[in-house]
Amino acid sequence: MRNFTCVNDIGNIKEAVKKAEYVKKNPFADNLLGKNRTMLLIFFNSSLRTRLSTQKAALNLGMNAIVLDINQGAWKLETELGVVMDGDKPEHLLEAIPVMGSYCDIIGVRSFARFESKEDDYSEKILNQFIKYSGRPVVSMEAATRHPLQSFADLITIEEYKKRERPKVVLTWAPHPKPLPQAVPNSFVEWMKATDYEFVITHPHGYELSPEFTNGCTIEYDQKKAFEGADFIYAKNWSAYNDPDYGKVISMDKSWTVDKEKMELTNNGYFMHCLPVRRNMIVTDEVIDSPNSIVIPEAANRVVSAQTVLKEILLNL
Ligand code: AN0
Ligand code: CP
């Protein structure tokens with residue numbers, strides 16, 4: 001593996017889960033692999049889990065980690081090509097990226113969808129510039145369309161908790177006051193499609209995700225019907241994908257909040273969410289505080305997914 005930006009980069013998914021299980025059981029087995037190597041983590045957006053778990057993963061592999069928050073202390077970066085730079089941005093990505101590459105061996109990048117242009121977001125304009133100009137392996141720490149380190153951790157978590165070979169997994173939209181990217185659900189769909197699980201997506205009309213991701217998936221507009229017999233409920237809000245509403249909140253329908261009554265329709269199912277989560281919008285206190293909520297072990301597995309990925313990249317440097 002050189003870059004890690006989507007499910008295809010991980011190769012065989014069953015082997016990837018086995019590698020992750022090994023990493024989880026033996027977190028310091030490769031603590032010399034990253035000796036004298038530096039990982040640079042670049043954040044264009046806020047983060048708690050990704051920031052900490054990816055650093056922890058790098059440290060477990062013996063790497064040094066440097067973190068840069070682009071919006072706090074760095075020069076504002078121009079991202080458009082061919083513009084006259086007479087505005088408020090003193091530096092262009094075209095210089096900044098290779099300079100950052102010269103200081104490290106692996107680059108992690110977090111750059112969310114900006115919702116200014118669907119085409120720019122869905123062509124992964126920023127992430128691809130890092131791949132093109134940094135000269136280094138690039139790891140997506142949530143880009144415009146995907147969050148693969150999260151999805152890999154989600155898969156590892158489902159494999160740990162599943163009680164039957166082919167569990168029923170349901171991705172449900174839930175309400176949220178601010179527009180959020182489609183990256184987490186897109187990515188989750190992509191990883192679930194790579195398994196042999198029974199997988200169902202449920203959301204209100206108008207919240208259809210890009211067919212590039214959901215092609216071939218079962219979509220059920222009746223949330224309660226979707227929940228019936230589910231082993232895992234994966235809740236997430238996302239903003240509209242379809243034009244003319246791209247990037248907008250078109251409904252905050254609280255009847256979609258995950259509550260106890262709906263969880264009772266499931267097969268004693270587990271509740272999952274990538275976090276951060278807004279309580280009593282996405283999910284009631286009662287559900288997230290219940291023994292069936294596995295959001296904390298899910299977040300803990302972010303170290304495991306990151307370490308498994310970084311180890312593969314280091315082995316191929
Ligand atoms: C982000 C999102 O929905 O993509 C990050 C989730 C990991 N969430 C927020 O911005 C609240
Ligand atoms: N789940 C996740 O990526 O969380 P952060 O945004 O806090 O990194």
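Because the structure is predicted, anything quoted here is derived from the model rather than measured.

Chemist: Tell me about the site of ligand 2, and please be specific about residues and values.
Modeler: Around ligand 2, the neighbouring residues are Ser-47, Leu-48, Arg-49, Thr-50, Arg-110, His-147, Gln-150, Cys-274, Leu-275 and Arg-302. One of the backbone N or O atoms of Leu-48 is found 2.7 Å from an oxygen atom in ligand 2. Leu-275 places a main-chain nitrogen or oxygen 2.9 Å from a nitrogen atom of ligand 2. When the free accessible area of ligand 2 is taken as 250 Å², the share hidden by the protein chains comes to 94%. Of the residues belonging to the shell around ligand 2, the class tally is three nonpolar, four polar and three charged. Residues from two domains meet in the shell around ligand 2; each of domain 1 (7-146 + 302-315) and domain 2 (150-299) gives at least three.

Chemist: Describe the site of ligand 1, naming the residues involved and giving the relevant values.
Modeler: Around ligand 1 lies a shell formed by Phe-112, Glu-142, His-147, Leu-180, Pro-181, Lys-236, Cys-274, Leu-275 and Pro-276. Between ligand 1 and Glu-142 there is a distance of 2.6 Å, counted from an oxygen atom to a side-chain nitrogen or oxygen. Out of a free accessible area of 330 Å², ligand 1 has 81% covered by protein chains. Taken together, the residues that form the shell around ligand 1 break down as six nonpolar, one polar and two charged.

Chemist: Quick rundown of the environment of Asp-154? Include the residues and the values.
Modeler: Looking at where Asp-154 falls in the secondary structure, it is placed in helix H6 (residues 148-161). Asp-154 gets classed as buried once you look at its relative accessible area, which sits at 0%. A sequence separation of 85 residues divides Asp-154 from Asp-69, and the C-alpha atoms of the two residues are 26 Å apart. Not counting residues up to four positions away in its chain, the partners in contact with Asp-154 are Phe-188, Tyr-234, Met-272 and Glu-298.

Chemist: Report on the side chain of Lys-118, specifying residues and quantitative values.
Modeler: Inspection of the secondary structure assignment puts Lys-118 in helix H4 (residues 118-122). Polar contacts involving the side chain of Lys-118 include one to the side chain of Asp-243, which spans 3.5 Å.

Chemist: Summarise the pairing of strand S7 (residues 168-173); cite the residues concerned and give the values.
Modeler: Most of S7 sits out of view: six of its six residues are buried. Neither face of S7 is left uncovered, since the one carrying Lys-168, Val-170 and Thr-172 and the one carrying Val-169, Leu-171 and Trp-173 both have all their residues buried. Pairing of S7 with strand S8 (residues 198-202), which is carried by five bridges, proceeds in the parallel orientation. Across the sheet, the residue bridging to Leu-171 is Ile-201, located in S8.

Chemist: Would you mind going over the domain arrangement of the protein in detail, with residue names and values included?
Modeler: Many analyses report the size of an interface as the accessible area lost when the parts associate. In terms of domains, the protein is made up of domain 1 (7-146 + 302-315) and domain 2 (150-299). Just the C-alpha atoms count here: the centres of domain 1 and domain 2 sit 25 Å apart. Remark: the boundary between domain 1 and domain 2 carries four salt bridges. One salt bridge connects Glu-160 with Lys-24, and the closest N-O pair in it is separated by 2.8 Å. The interface formed by domain 1 and domain 2 holds twelve residue pairs in polar contact (both at pLDDT 80 or more) in total. When residues of the side of domain 1 that touches domain 2 are traced back to their parent elements, those giving at least two are helix H1 (13-25), H4 and helix H12 (295-315). Class assignment of the residues belonging to the side of domain 1 that touches domain 2 gives a composition of 15 nonpolar, four polar and eight charged.

Cut-offs applied
- Residues numbered from 1 in each chain as written.
- Chains lettered and ligands numbered in written order.
- Predicted model: local features only at pLDDT ≥ 70, side-chain atom pairs only at ≥ 80, totals over all residues.
- Heavy atoms only, no water.
- Near = heavy atom within 4 Å.
- Polar contact = N/O pair within 3.5 Å; in protein donor to acceptor, adjacent residues only side chain to side chain.
- Areas by Shrake-Rupley, 256 points an atom, 1.4 Å probe, with all protein chains shown as cover.
- Nonpolar A, V, L, I, M, F, W, Y, C, P; charged D, E, K, R; others polar.
- Domains from an automatic or database assignment.
- Helix = DSSP H or I, 4+ residues; strand = E, 2+ residues; numbered from the N terminus.
- Buried < 20%, exposed > 50% of the residue type's maximum accessible area, 1.4 Å probe, protein only.
- Contact = heavy atoms within 4.5 Å.
- Pairing = 2+ DSSP bridges.
- Salt bridge = Lys/Arg side-chain N within 4 Å of Asp/Glu carboxyl O.

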